[in-house]
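# Fold and geometry: a report
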Amino acid sequence: MRTIGGTMASWPGSLLRAAVPTRGFALQCAGAAAVTAVLCTVFVTGAGGSLVGQNVSNIVLFLAALTAGTACVVRAWRERVSRRVRWAWALVGAGSLSWGIGQAFCIWYETVLGQEVPFPSLADAGYFWMMPFTAAGLLLLPVSRQNLAQQARSILDGLMIAVSLLLITWVLILGPLVQQGADSRLGLLITLWYPGGDVVVLTIVLFMVARLRRGGRRPLSLPLAGAGLAAFTVSDSGYAYLTLLDTYGSGNVLDLGWFTGFTLIFLAARRPERAYAEQDRHDLTQPLGVMLPYLAVLGALVTSTFEVLRHGAHDMFVSWSRSAIILLIVGRQLLTLLENRSLTRGLEARVDARTAELRASEQRFQALVQHSSDVVTVIDAEGLVTYQSESISRVFGYDPAYFAGLKLTERLLAESVPVLAAAIEAVSGTAYATRVIELPMLHADGHRCLAEVTVTNLLEDPSVRGIVLNSRDISERKELEDQLVHEAFHDGLTKLANRALFKDRLEVALRRRSDVAILFLDLDGFKEVNDSLGHAAGDLLLMQVAMRLGEAVRDGDTVARFGGDEFAVLIDAVAAPGDADDLATRIIAALDEQFVIENQEIHVQGSIGIALTGPDARDADQLMRNADLAMYRAKSAGSGQFARYDPQMHTGLVERLQLAADLRRALETGGELEMHYQPTIELRTGQIVGFEALVRWRHPVRGMISPIDFIPLAESTGLIRPLGQWVLAESCRQAVEWGMAEPDRAMTMAVNVSGRQFDQPDLPAIVATVLAQTGLPAQRLCLEMTESVLMTDTEENLAVLLSLKDIGVRLAIDDFGTGYSSLAYLRRFPVDTLKIDRSFVERLGGSTPDAALARTIVQLGQSLGMATVAEGIEQYAQFLALRRMGCDLAQGYYFSRPLPAAEAGLLLQDQAALAA
């Protein structure tokens, strides 16, 4: 039985430290150590006798080889890496299993048959193939890529190791074996094969140590596997030596080495993969890996020297081996010299390139500093200037020598010194701390400028050792910022404060005091100026208004323009409520004077709302809201008026908002709105020829609401459009229903159209859709509009009216005579009917101016081919006067008030109920 000779103490400490990456693996290591210790005790003490030791050794070594081989094969099966790594594990496992087969024959001879193992025998056939399989497996391991010089160096290193180990083995084992001889040539070859094969495998291990990839993933733990194979080398050598002396027998303490070798191979196969990289990266980067070839040569030299000293001479093999080693060392050194010369040239080239790069970088940095828009100044801890960039001459006009060797504070304005000193003190306690400040400076030409200075503490920087000041002239930027801020808070046309600045000053004033008042001003008639003279004239008017407002207010007050023709005045301190009224009176008087715009005298007035601080106005938003409400109250009272805010105005606003919400709901549901119809009478015959549709709103809480209250609300909120469309559809539907009852009477349905509805370019399309849906002939629908429709946006409204005429509907001007329409407008617009306002009908019956005006309107309509309708007739005299004038149609309570649809339908059936 062959042994490998070794104990637990032969395991390197590094292996023990590297072999415990996980708890499970640590338990396996501990178990292997315990079994090794037990076997060591059995073999050393000889407990149980030589026969027991022999049998125990045979069985344990068989199990160890089988276990190690199986573990390697299982690892090859489970490995999820390259095919080479899997084959490497498989071949290493095959070597262990081959050795186990040889051990099985040994057991057959010694334990079963009870005889000595013949030499050579079948057991040697199993032992023989372990080293070839293992060597092949190790050679399959992936190695790092190398250039040609590196490959040559690796080959020389491997040859140095191989020849050195072979020389050592020859001196210690192989030489004596050859000299002793053997019974047969085959026996001698097998005897020499075991230590020789171990030398080859150990050489491969050391060679792979030098060439395995450094870092990354490790497919095999070389320290564990290499230690096991090294143990085989020692054991095989011991076996050969003891065989030479004829003193070896199974159960020898050297058998413990083989067990240790298989145990290490088993642990290498069982070790978790993630532990390889850390261990191998640590082990393979040690200087020992580089020194391995020279250590092997040193060992060969020492061994051969002792051989010479012992025998006084050495054989030819030793001489040739030493000569080969010398040649390999010389070749290795020549190759190293060539590599060093190449490396030196490369390093010199890199140093030259790096030096040139650094020189270029230094020159570039110097150029950037000198031509930078920043001025770089370095001062020491005492404030003395140690460096001043030349860019100061370009930025601030000074020569760099002007500051050299002086304290920087001696060259600064007195007002800048404490600011800079505070910044330096703030950064001096912390390395690399920075502080940005703005310093007023005096330019070399004498003008003041503003510099932005970044103060950085580089006192601890060995290349600077000072406080660095990066300065730049920001005078232009500051002016631009101030200009942008001014434009952001001032009106571009009048240069007055805008809404944002006005509100900001109002909030500041409210924080300081409680006696603050504001005035909101809206010009009356400004739109007419824009429409008639153009926007350029309107801008000139606004500028003159701004000048007069500035002259009317006190010095501490703020005048602002909110946009359009809206202005505001902030009175910072109001001694008495009457002060705001006095200012409003002065403003109205100032505006009452004529404005001269483009050689034309223009008269505009203003409506002013006044709001004072109080319980209902504690912040800026509330105060501005109150002034706005008061301004609208003043505007409703007439031009050139002012009104002071009253809490009832807010109450009215809330009610108005609630009423608007209710109206919106009524339009959505449709159940609260209803139509009333007032008949139109032909004065000549007294017959009903049509109806005027009037909408009524029956509120569920407030009851019947007058159109005077909700129609203007609908116009201001935009609800007039859906309301008007509903009225149009309902009226047309009712007219069709009456027409079906009396098909021989072609009655006309008159529907009022608000000016807001004319803003809709699709109004003709809406009318056409309603007519198509209800089936009412277009000539039986009359749309009534006020004169204001003719006066505003004339071209757009004319296009809408022409489109309506193309549909076929009739058009009428309501309340004619109260506006400013001219004959030119009447000729341009396709109007069919003029409705005389009720104010001209009220005092008919005599030769009053109103009677003459009514007569003129009737004659005007006749001359233009238009029908005339008098509305508001309440007396017989009025009816008789209009019929004598030749008025065509009439409406009024004299005939009938507006009636619901059902009652109006009854009136059609019994016209005798009409007063005639």
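Quantities reported herein were computed from a predicted structural model and do not represent experimental measurements.

As defined by bridge partners, strand 14 (residues 688-699) adjoins strand 16 (residues 748-752) across four bridges and the pair is classed as parallel. Looking at the pairing, F691 lines up with M749 of strand 16. Pairing analysis gives four bridges linking strand 16 to strand 17 (residues 781-786), with the strands arranged parallel. Note on strand 17: the bridge partner recorded for A750 is C782. Handedness of the crossover is the feature at issue here: the chain leaves strand 16, passes through helix 25 (residues 763-774), returns alongside strand 17, and the resulting connection is right-handed.

On to unusual backbone geometry. A positive phi angle, close to 65°, is found at Y432, a residue other than glycine. One can find Y432 in the loop between helix 15 (417-428) and strand 3 (434-442). Here the phi dihedral of K495 falls at roughly 65°; this positive angle occurs in a residue that is not glycine. Take K495: it is sitting in the loop between helix 16 (475-488) and helix 17 (499-512).

Attention now moves to helix 4 (residues 83-112). With 30 residues, helix 4 should reach 44 Å at 1.5 Å per residue; the first-to-last C-alpha distance of 41 Å fits that figure. Directly beyond the C-terminal end of helix 4, a positive phi value near 70° is found at G114.

Looking now at the layout of surface pockets. If you add up the space inside the largest pocket, you get close to 1,000 Å³. Taken together, 37 residues form the lining of the largest pocket, with E692, L694, P707, N752 and D814 sitting closest to its centre. Within the residue set of the lining of the largest pocket, elements represented by two or more residues are strand 14, helix 23 (707-717), helix 24 (720-741), strand 16, strand 17 and strand 18 (810-816). Grouping the constituent residues of the lining of the largest pocket by class yields 16 nonpolar, twelve polar and nine charged.

As a further point, take the sheet that holds strand 4 (residues 448-458). Pairing is antiparallel across the open sheet formed by five strands, whose spatial order is 2-1-5-4-3. Taken across any chain shown, the strands that pair with only one partner, and hence form the sheet edges, are strand 2 (385-388) and strand 3. Here the average twist between neighbouring strands, direction ignored, is 25°. Alignment of strand 1 (residues 375-379) against strand 5 (residues 466-473), held across five bridges, turns out to be antiparallel.

A word on empty space enclosed by the protein. Under the defined criterion, the tally for this structure stands at six cavities of 30 Å³ or more. In terms of lining residues, the largest cavity is bounded by 13 residues, among which T377, L408, L412, M441 and S471 are the most central. Elements supplying a minimum of two residues to the lining of the largest cavity: strand 1, strand 3 and strand 5. Partitioning the lining of the largest cavity into residue classes produces ten nonpolar, three polar and no charged. Size it by volume and the second largest cavity reaches roughly 90 Å³. Lining of the second largest cavity is provided by R721, G724, Q725, L728, V751, V753, Q757, Q760, L763, I766, V767 and L783.

A few words now on the packing of aromatic side chains. Inspection of the entire model under this criterion finds twelve aromatic pairs. Ring geometry for Y677 versus W738: centroids 5.1 Å apart, planes at 75°, classification edge-to-face. Of this pair, Y677 sits in strand 13 (residues 673-682) while W738 sits in helix 24, placing them 61 residues apart in sequence. Ring centres of Y876 and F879 lie 5.9 Å apart, and the angle between their planes is 45°; on these two criteria the pair is classed as tilted. Taken together, the positions of Y876 and F879, both in helix 31 (residues 876-885) and three residues apart, correspond to about one turn of that helix. For Y876, a relative accessible area of 43% puts it in the partly exposed group. Linked through ring pairs, Y876, F879, Y894 and F895 together constitute an aromatic cluster. The ring of Y402 is capped by R411, whose NZ or CZ atom sits 3.8 Å from the centre of that ring. In this structure, R548 packs its charged tip against the face of F595, placed 3.6 Å from the ring centre.

Parameters at a glance
- Note on numbering: residues in each chain are counted from 1, in written sequence order.
- Local features in a predicted model are, by the rule used here, given only for residues with pLDDT of at least 70; side-chain atom pairs are given and counted only at 80 or more, and totals for whole chains, interfaces and linings are based on all residues.
- Side-chain calculation: all heavy atoms of the structure are included, whereas hydrogens and water are not.
- A pair of strands counts as paired when DSSP detects no fewer than two bridges linking them.
- Under the DSSP-based scheme used, a helix requires at least four consecutive residues in state H or I and a strand at least two consecutive residues in state E, with every element numbered from the N terminus.
- Look down the strands so they point away from you; if the path from the first strand over the helix to the second goes clockwise, the crossover is right-handed.
- To estimate how far a helix should reach, multiply one less than its number of residues by 1.5 Å.
- Two kinds of site are reported from a 1 Å grid over the protein atoms alone, namely cavities, where a 1.4 Å probe fits but cannot get out, and pockets, open sets with protein on both sides within 12 Å along at least five of seven lines, and residues are called lining when an atom falls within 4 Å of a point.
- Grid points are joined across faces, edges and corners, and a volume is the space filled by probe spheres set on the points.
- In this classification, Asp, Glu, Lys and Arg are treated as charged, Ala, Val, Leu, Ile, Met, Phe, Trp, Tyr, Cys and Pro as nonpolar, and every other residue, Gly included, as polar.
- Orientation is described by axes fitted as lines to C-alpha atoms, over the contacting stretch for helices, and by angles from 0 to 180 degrees between their N-to-C directions.
- Between the rings of Phe, Tyr and Trp (Trp by its six-membered ring), a pair exists once the centres lie within 6.5 Å; its type follows the angle of the planes, with under 30 degrees stacked, over 60 edge-to-face, and the other angles tilted.
- Note on exposure labels: buried denotes an accessible area under 20% of the residue type's maximum, exposed denotes more than 50%, and partly exposed covers the range between, all computed with a 1.4 Å probe on protein chains only.
- Here, a charge over a ring is recorded when the distance from Lys NZ or Arg CZ to the ring centre is within 6 Å and its angle to the ring normal is within 35 degrees.

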